[in-house]
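# Chain and residue survey
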Amino acid sequence: MSYLTGGADSSSVAAIVAVMCILVTKAARDDPEGNVAQDCRRVCRQDENSLWVPSTPQEMGNHVLHTTFMGTDNSSEVTKSRAKRLGDAIGSYHLSIKIDLMVSAVLQVFQLATGHMPRFLSRGGTMSEDLALQNIQARLRMVTAYLMAQLLPWVRGRSGFLLVLGSANVDEGLRGYMTKYDCSSADLNPIGAISKGDLKRMLLFLSKKYPDFDVLAEIANAPPTAELRPIDAATATAEAGHSQTDEDDMGMTYEELGYFGRLRKISRCGPVSMFRKLLVTWNHLSPSEVASKVKRFFYYYSLNRHKMTTITPAYHAEAYSPDDNRFDLRQFLYNTKWTRQFAVIDDIVSEHPETDKDKND
């Protein structure tokens with residue numbers, strides 16, 4: 001069972017399963033009596049004493065992969081369309097549902113208990129209200145995913161249950177740009193230690209290698225969006241289909257997160273040493289701009305480290321995996337102000353006054 005939002009992360013998870021189906025189907029058809037074919041029959045719940053093998057990768061995909069687009073009034077038709085087209089190409093058992101009834105029910109319970117109804121920031125609410133409204137949508141998707149995982153086999157006349165696949169990349173984990181217990185929570189996360197840049201490159205590669213998966217190129221080139229706030233028609237782009245984008249929300253790009261991750265985990269940099277290194281690497285930015293980016297990263301890194309204590313097990317593919325249970329044994333409680341370190345950074349910036357070029361840039 002996999003979330004399928006029409007974005008790069010969930011699409012990467014589905015694409016990994018799809019490629020598995022392609023490889024397994026070829027091996028099973030080449031040798032119907034071999035070990036791969038026998039495992040395929042077992043996983044697809046076919047008679048293990050027969051010589052059944054899937055006729056196409058899509059037939060196997062329909063047996064092993066269940067995908068669900070869980071939209072709300074804040075979701076765009078663009079991402080819904082991408083999710084359905086990818087599900088069709090893979091052959092997954094795909095559902096497109098709306099979870100607004102669930103969101104509304106939870107908010108009504110809250111209103112009955114407190115006499116208050118939260119509003120989005122764009123509709124007169126506070127940031128606390130806005131974040132709570134985004135988080136309840138994300139968490140209900142996790143609840144829905146596990147419900148589907150338990151009951152879809154029953155719906156299809158089968159026994160057993162499904163594993164839930166997570167879809168949060170390593171950069172989101174490092175920055176903490178995820179809701180605790182949302183699509184990052186699952187039984188297994190195939191992309192939990194893969195960077196956003198690598199995922200996009202993988203999607204572009206697969207779209208060329210497998211022409212039936214051409215929608216992957218469209219997904220890879222679309223601006224990442226959480227689609228948890230109401231759509232602002234004035235600022236929504238055709239590519240994203242939404243006015244809310246990840247990089248605007250984070251205040252940093254995924255490329256920058258890659259730098260932060262490698263310096264923090266591989267080079268073991270704290271705020272000051274990271275700032276010194278990036279002063280050289282990012283020489284197109286002024287010292288004050290570099291300082292601002294480093295401070296922003298470490299603030300959110302330390303604020304959200306607690307999320308890594310419950311992160312879903314993932315395939316280890318990056319040297320800077322933030323999973324604190326196995327790969328990052330730093331503490332998860334920090335002083336988010338980094339008082340001494342940020343003061344040192346400010347002192348260094350003061351020794352590098354901005355030039356006229358910096359100001360013009």
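Scroll up a little and you will see the structure.
In what follows, the accompanying structure is described. (Residues numbered from 1 in each chain as written. Predicted model: local features only at pLDDT ≥ 70, side-chain atom pairs only at ≥ 80, totals over all residues. Heavy atoms only, no water.)

## Regarding the overall build of the chain
Convention followed: Put simply, DSSP H or I for four residues or longer makes a helix, DSSP E for two residues or longer makes a strand, and each gets a number counted from the N terminus. Exposure categories follow from relative accessible area, calculated using a 1.4 Å probe and restricted to protein chains: below 20% of the type maximum is buried, above 50% is exposed, and the middle band is partly exposed. Under the convention used here, a 1.4 Å probe and the Shrake-Rupley method define accessible areas, while residue burial counts only the protein chains that appear.
In terms of regular secondary structure, the chain is built from 15 helices and 3 strands. In terms of overall dimensions, the chain has a C-alpha envelope of 75 × 50 × 40 Å along the principal axes. Split into buried and exposed, the 361 residues of the chain put 48% on the buried side. Of the roughly 17,700 Å² of accessible surface on the chain, 55% is carried by carbon and sulfur atoms.

## Structural notes on empty space enclosed by the protein
Operational definition: Put simply, the grid is 1 Å and covers the protein atoms alone, a cavity is a trapped set of points that fit a 1.4 Å probe, a pocket is an open set with protein on both sides within 12 Å along at least five of seven lines, and lining residues have an atom within 4 Å of a point. Grid points are joined across faces, edges and corners, and a volume is the space filled by probe spheres set on the points. For this classification, the nonpolar set comprises Ala, Val, Leu, Ile, Met, Phe, Trp, Tyr, Cys and Pro, the charged set comprises Asp, Glu, Lys and Arg, and every other residue, Gly included, is treated as polar.
The full count for this structure, using the stated rule, is 4 cavities of 30 Å³ or more. Here the largest cavity defines a volume of roughly 110 Å³. In terms of lining, the largest cavity is formed by 19 residues, of which the most central are G192, I311, A314, P322 and D323. Its residues assigned to classes, the lining of the largest cavity comprises 10 nonpolar, 7 polar and 2 charged.

## Focus on the pairing of strand β2 (residues 66–71)
Note the threshold: Here, a strand pair is defined by DSSP locating no fewer than two bridges between the strands.
Within β2, 6 of the 6 residues are buried, which leaves it mostly tucked inside the rest of the structure. Of the two faces of β2, both are covered, the one formed by H66, T68 and M70 as well as the one formed by T67, F69 and G71. One ladder, built from 2 bridges, connects strand β1 (residues 2–3) with β2; its direction is parallel. Bridging across to β2, S2 finds its partner in T67. Here β2 runs beside strand β3 (residues 93–98); their pairing, made up of 6 bridges, is parallel.

## Re helix α11 (residues 254–266)
For clarity, the cut-off: Take the number of residues in a helix, subtract one, and multiply by 1.5 Å to get its expected span. Between two residues, a contact is recorded if the distance between any of their heavy atoms is within 4.5 Å.
Taking 1.5 Å as the rise per residue, α11 with 13 residues should run 18 Å; its terminal C-alpha atoms sit 17 Å apart, in good agreement. Along α11, the residues classified as buried are Y254, E256, L257, G258, F260, G261, L263, R264 and K265. At its buried positions, α11 is contacted by α7 (170–175), α8 (196–209), α10 (246–250), α12 (271–281) and α13 (287–304). Immediately beyond the C-terminal end of α11, within one or two residues, lies R268, with a positive phi of roughly 55°.

## What to know about the nonpolar core
For the record, the criterion: Side-chain atoms within 4.5 Å link the members of a nonpolar core, which is a set of buried Ala, Val, Leu, Ile, Met, Phe, Trp, Tyr and Cys residues.
Grouped together as the largest cluster of nonpolar side chains are 32 residues, with contacts concentrated most on L86, I90, L203, F213, L216 and I219. Counting only elements with at least two residues in this core, the list comes to α1 (8–30), α4 (77–90), α8 and α9 (215–221). Top contributing element to this core by residue count: α1, with 10 residues. Apart from residues lying up to four places away in sequence, I90 is in contact with A14, A15, A18, P57, Q58, G61, L65 and F213. Among the nonpolar cores identified, the runner-up in size contains 29 residues, and L174, F275, L278 and W338 belong to it.

## Details of the sheet that holds β3
Pairing is parallel in the open sheet, where 3 strands are placed in the order β1-β2-β3. Each of the sheet's edge strands pairs with one partner strand only, and the pair in question is β1 and β3.

## Describing the side chain of N189
Operational definition: Polar contacts, as used here, are pairs of N or O atoms within 3.5 Å; protein pairs need one atom able to donate a hydrogen and one able to accept it. Residues neighboring in sequence count only if both atoms are side-chain atoms.
Along the chain, the position of N189 falls in the loop between α7 and α8. Polar contacts involving the side chain of N189 include one to the main-chain carbonyl oxygen of A168, which spans 2.9 Å. A polar contact is formed between the side chain of N189 and the backbone nitrogen of I191, at a distance of 3.1 Å. Contacts of N189, omitting those with residues within four sequence positions, involve G166, S167, A168, T312, P313, A314 and Y315.

## Here's the deal with the layout of surface pockets
Take a probe with the size of a water molecule and roll it over the atoms, and the empty space left behind shows itself. The volume enclosed by the second largest pocket comes to roughly 640 Å³. Contributing to the lining of the second largest pocket are 24 residues, with V43, V64, L65, L162 and L163 lying nearest its centre. Secondary-structure elements contributing two or more residues to the lining of the second largest pocket are α1, α2 (35–43) and α3 (57–64). Considering only residue class, the lining of the second largest pocket consists of 17 nonpolar, 4 polar and 3 charged.

## What to know about the environment of G91
Here G91 shows up in the loop between α4 and β3. The residues contacting G91, other than those within four sequence positions of it, are Q58, G61 and N62.

## Regarding the packing of aromatic side chains
Stated formally: When two rings of Phe, Tyr or Trp (its six-membered ring) have centres within 6.5 Å they constitute a pair, described as stacked for plane angles under 30 degrees, edge-to-face for angles over 60, and tilted for the intermediate range. Only Lys NZ and Arg CZ are tested; either one counts as a charge over a ring when it is within 6 Å of the ring centre and within 35 degrees of the ring normal.
Tallied over the full model, the rule gives 11 aromatic pairs. Aromatic pair F260 and F297: ring centres 4.6 Å apart, planes at 15°, arrangement stacked. One end of the pair, F260, is in helix α11; the other, F297, is in helix α13, and 37 residues separate them in sequence. Residues F298 and Y301 carry aromatic rings whose centres are separated by 6.0 Å and whose planes lie at 75° to one another, so their mutual orientation is edge-to-face. Of the two residues, F298 and Y301 both sit in helix α13, 3 residues apart, roughly one turn of that helix. Neither residue differs from the other here; F298 and Y301 are each classed as buried. Here the aromatic residues Y259, F260, W282, F297, F298, Y301, Y334 and W338 are joined through ring pairs into a cluster of three or more. Over the ring of Y300 we find R175, and its NZ or CZ is 3.8 Å from the ring centre. Taking NZ or CZ as reference, R262 lies 5.5 Å from the ring centre of Y259, over its face.

## Notes on helix α5 (residues 100–114)
Over its 15 residues, α5 runs 21 Å from end to end, which matches the ideal 21 Å to within 8%, given 1.5 Å per residue. Phi turns positive, to about 80°, at G115, one or two residues after α5.

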